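Coordinates in review
Residues per chain are reported as follows:
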Amino acid sequence: MSLNKEIEKYASLGKGKKYIIYSMGCQMNDHDSEKISYILENMGYKPTDNKEDSDLIIFNTCLVRENAELKVYGQLGALKHLKRIKQDLIIGICGCMPQRENIREYITTKLKHVDLIFGPNNIHKLPQLINNHLQTGKTEIDIVEDSREILEDIHYNRKYSYKSFVNIMYGCNNFCTYCIVPYTRGRESSREPKNILREIELLAEEGCKEVTLLGQNVNSYGKTLDNPVTFAELLREVNKIKGIERIRFMTSHPKDMSDELIYAMRDCEKVCEHLHLPVQSGSNILLESMNRKYTVEHYLSLIDKVKKEIPNIALTTDIIVGFPGETEKDFQDTLELVKQVKYDSAFTFLYSIREGTIAAKMKDQIPDDLKHERFERLLDTLYPIFYENNKKYKDKIVDVLVEDVSKTDDKILSGRTRTNKLIHFKGDKNLIGKFVNVKVTDFKTFTMEGKIV
Ligand code: SAH
Ligand code: SF4
Ligand code: F3S
């Protein structure tokens, strides 16, 4: 049965009721939340910002670090009281946490007020799960741990009319030793290019101007298809779609960063001058024990090539501090690397033990205080680099897609440059979703200011 028929069957279940989704984790989850919201609103549910006011509360969860996990337990625990005074409140948990059996067990035994437990592969079953729960009052659990079957024609509510995420692949085969994702999202599997292109064409027809192609490892796209296609080939096809003006993608893995892809980025005028290329560490010893499958030298040679082919490229990365066995020398190597690459921005993480991964069993775990101390030193090294990079924009005119209006002043707009820099400037809110030229008048470490010219 198609998803729409399934929703139609339960179209009145949510009439007069309200829902709230707490979305945590990566863009995959944000995009899945847009799919959940589409389903619920077609069942009659209306969104609310207030959990006291809601009839259905869904936690779309992340398991990548311990604090994300603990926060959800805290929030679920706090809802016991609300559930007691509002007995027909439905509480659901989905995303990466329930993909792990030990976590499902914990929820079903310790957090019995949770009514729906489902995974990223079962979002389309939500109407049926809600219906079953309403009939029986029991906790509904629907999980497929590793699905290679890709469901097409899944609709979603878009948070923004002018930009959209587009899944191009699911899962991950890399098994970086610290990372839980391959155990929650299963094996890598790519969508057929024709389905991706059709989805983007429809988005363009609806007025969408920017797409972000999503996958845990986008540059390994296409390997699982019957007729393999490379990510570079896919980019060149997306670049031809009329109406789309900006193409972004997340996340690339250095081991799969081919020359062919660098040339496609250079040649496709719609592909933005931004590359997020997680390095994780600047030490070859740690890269090896992280199972990253590249060396610092290889990474730096990629950066050189990318900078040569796309001179105004912005580079961003992910870095983990305090991986098991990290010595002061390893950490110094990371500091050296970030100084050499001169990143525009970076996501920095304290290593977090994830049960079930190889690194969780490694000896030489780094004490918390040392992790924190190194983390601070890393930020002290990174921030001046970000600032210096932003300085280069001063007095330049940049092409900005207007994205939002300030929460405190409706005459201040925000938008992003092609290099993904956030910039604030005065303007009318009817410019949202349009492109404007902005002259950069001032800059800080993370943002810039300017005026429309
Ligand atoms: N697939 C993407 C993103 C994965 S998760 C990629 O490979 O880049 C996003 C980031 O979280 C990772 O790049 C890594 O830096 C960080 N991360 C993953 N597991 C972690 C852990 N156990 N502790 C700390 N950071 C972690
Ligand atoms: Fe995790 Fe590595 Fe896969 Fe990224 S590539 S999701 S860090 S296992
Ligand atoms: Fe988190 Fe799952 Fe994404 S663990 S980072 S929500 S794939």
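Cut-offs and rules
Residues numbered from 1 in each chain as written. Chains lettered and ligands numbered in written order. Predicted model: local features only at pLDDT ≥ 70, side-chain atom pairs only at ≥ 80, totals over all residues. Heavy atoms only, no water. Near = heavy atom within 4 Å. Nonpolar A, V, L, I, M, F, W, Y, C, P; charged D, E, K, R; others polar. Domains from an automatic or database assignment. Patch = residues over 30% accessible without salt bridge, like charges linked within 9 Å, V, L, I, M, F, W, Y side chains within 5 Å. Areas by Shrake-Rupley, 256 points an atom, 1.4 Å probe, with all protein chains shown as cover. Salt bridge = Lys/Arg side-chain N within 4 Å of Asp/Glu carboxyl O. Lys, Arg positive; Asp, Glu negative; His and termini not counted. Charge placed at Lys NZ, Arg CZ, Asp CG, Glu CD. Helix = DSSP H or I, 4+ residues; strand = E, 2+ residues; numbered from the N terminus. Buried < 20%, exposed > 50% of the residue type's maximum accessible area, 1.4 Å probe, protein only. Phe/Tyr/Trp six-rings, centres within 6.5 Å; stacked < 30°, edge-to-face > 60°. Lys NZ or Arg CZ within 6 Å of the ring centre and 35° of its normal. Pairing = 2+ DSSP bridges. Contact = heavy atoms within 4.5 Å. Buried area = accessible area lost by both parts, 1.4 Å probe. Polar contact = N/O pair within 3.5 Å; in protein donor to acceptor, adjacent residues only side chain to side chain. Expected span 1.5 Å × (residues − 1). Core = buried A, V, L, I, M, F, W, Y, C linked by side-chain atoms within 4.5 Å. Axes fitted to C-alpha atoms, helices over the stretch in contact; angles between N-to-C directions. Parallel < 35°, antiparallel > 145°, perpendicular 65-115°, else oblique. Left-handed = near helix turned anticlockwise from the far one by under 90°.

Quick look at the site of ligand 3
Near ligand 3 the following residues occur: Cys26, Asn29, Thr61, Cys62, Leu63, Val64, Cys96, Val181, Arg185 and Gln216. When its residues are assigned to classes, the shell around ligand 3 shows 6 nonpolar, 3 polar and 1 charged. When we break the shell around ligand 3 down by domain, the ones giving at least three residues each are domain 1 (3-142) and domain 2 (165-391).

A look at the site of ligand 2
In the region of ligand 2, the neighbouring residues are Cys172, Asn174, Phe175, Cys176, Tyr178, Cys179, Val181, Pro182, Gln216, His253 and Arg292. Counted by class, the shell around ligand 2 contains 7 nonpolar, 3 polar and 1 charged residues.

Details of a positive patch on the surface
Among the surface-exposed residues, Lys307, Lys342, Lys392 and Lys396 lie close enough to one another that they form a single positively charged patch. Note on placement: Lys307 falls in helix H11 (residues 296-309). Among the residues examined, Lys307 registers a relative accessible area of 33% and is labelled partly exposed.

Some words on the packing of aromatic side chains
For the coordinates displayed, the defined rule picks out 12 aromatic pairs. Pairing Tyr73 with Tyr106 gives two aromatic rings, centres 4.9 Å apart and planes at 65°, and the pair type is edge-to-face. Taken as a pair, Tyr73 in helix H3 (residues 66-85) and Tyr106 in helix H4 (residues 101-110) lie far apart in primary sequence, 33 residues in all. Ring pairing ties together the aromatic residues Tyr178, Phe323 and Tyr351, which thus form one cluster. Across the ring face of Tyr160, the terminal group of Lys163 is positioned such that the distance to the ring centre comes to 4.7 Å.

A word on unusual backbone geometry
Excluding glycine, residues mostly have negative phi values, and the peptide bonds linking residues are mostly trans. Here Met250 and Thr251 are connected by a cis peptide whose omega angle stands at -5°. Along the chain, the position of Thr251 falls in the loop between strand S11 (246-250) and helix H9 (259-267). The backbone of Lys293 sits at a positive phi, close to 70°, despite the residue not being glycine. Note on placement: Lys293 falls in the loop between helix H10 (284-289) and H11. Positive phi outside glycine occurs at Lys342, with the angle close to 60°. Looking at the secondary structure, you find Lys342 in the loop between helix H12 (328-341) and strand S14 (345-350).

Remarks on the pairing of strand S19 (residues 447-452)
Two elements, strand S17 (residues 422-426) and S19, share 4 bridges in a ladder whose sense is parallel. Following the sheet pairing, His424 is matched in S19 by Glu449. Looking at chain direction, strand S18 (residues 435-443) and S19 are connected through 5 bridges and run antiparallel. Looking at S19, one finds that Val438 is bridged to Ile452.

Concerning the domain arrangement of the chain
What the domain assignment lists for the chain is domain 1 (3-142), domain 2 (165-391) and domain 3 (397-452). Contacts between the two partners involve 19 residues from domain 1 and, on the opposite side, 20 residues from domain 2. Both sides together, the interface formed by domain 1 and domain 2 hides about 1,700 Å², and carbon and sulfur atoms give 54% of it. Put simply, Asp32 and Arg185 hold a salt bridge, and the shortest N to O gap is 3.4 Å. The interface formed by domain 1 and domain 2 holds 8 residue pairs in polar contact (both at pLDDT 80 or more) in total. Mapped onto the side of domain 1 that touches domain 2, the elements with two or more residues apiece are helix H2 (27-42) and H3. Per-element tally for the side of domain 1 that touches domain 2: the top contributor is H2, with 8 residues. For the side of domain 1 that touches domain 2, the residue count by class is 6 nonpolar, 5 polar and 8 charged.

Looking at H11
Taking 1.5 Å per residue, 14 residues should reach 20 Å; H11 reaches 20 Å between its end C-alpha atoms and fits that length. Those residues of H11 that sit buried are Val296, Tyr299, Leu300, Leu302, Ile303, Val306 and Glu309. Considering only its buried residues, H11 is in contact with H9, strand S12 (274-276), H10, strand S13 (314-321) and H12.

Details of the side chain of Asp32
Topologically, Asp32 is positioned in helix H2. Not counting the four nearest positions on each side in its chain, Asp32 is found in contact with Asn60, Pro120, Ile123 and Arg185.

Quick word on the nonpolar core
The tendency in soluble globular proteins is for nonpolar side chains to be buried as a group. Membership of the largest hydrophobic core comes to 61 residues, with the highest contact counts inside it found for Val211, Leu213, Phe231 and Met265. Phe231 has contacts with Ile168, Leu213, Val218, Asn219, Tyr221, Phe249 and Leu261, leaving out every residue within four places of it along the chain. Of all hydrophobic cores here, the second largest spans 22 residues; its members include Cys62, Leu89, Cys96 and Leu111.

Describing the packing of helix H7 (residues 193-205) against helix H8 (residues 231-238)
For any two helices packed against each other, the geometry comes down to the angle between their axes and how far apart the axes lie. Two elements in contact, H7 and H8, have axes separated by 11 Å at closest approach and are oriented at 30°. One way to sum up the angle between H7 and H8 is to call them roughly parallel. Crossing of H7 over H8 shows right-handed handedness. Contacts between H7 and H8 pair Pro193, Ile196, Leu197 and Ile200 from the former with Leu234, Glu237 and Val238 from the latter.

Examining the sheet that holds S14
Taken in spatial order, the 3 strands make up an open sheet running S12-S13-S14, and their pairing is parallel. In this open sheet, the two edge strands, each paired with only one partner strand, are S12 and S14. Neighbour to neighbour, the strand axes of the sheet diverge by 10° on average, direction disregarded. Summarising the sheet, S12 and S13 pair through 3 bridges and their orientation is parallel. The residue bridging His274 from the neighbouring strand is Ala314, located in S13.

Description of the pattern of salt bridges
Applying the stated criterion across every chain, the model contains 36 salt bridges. The shortest N-O distance in the salt bridge between Arg374 and Glu326 comes to 2.9 Å. Taken together, the residues Arg374 in helix H13 (residues 368-391) and Glu326 in the loop between S13 and H12 connect sequence positions 48 residues apart. Glu326 shares its class with Arg374; the two are buried. What emerges from the salt-bridge pattern is a single network uniting Arg236, Arg266, Asp267, Lys308 and Glu309.

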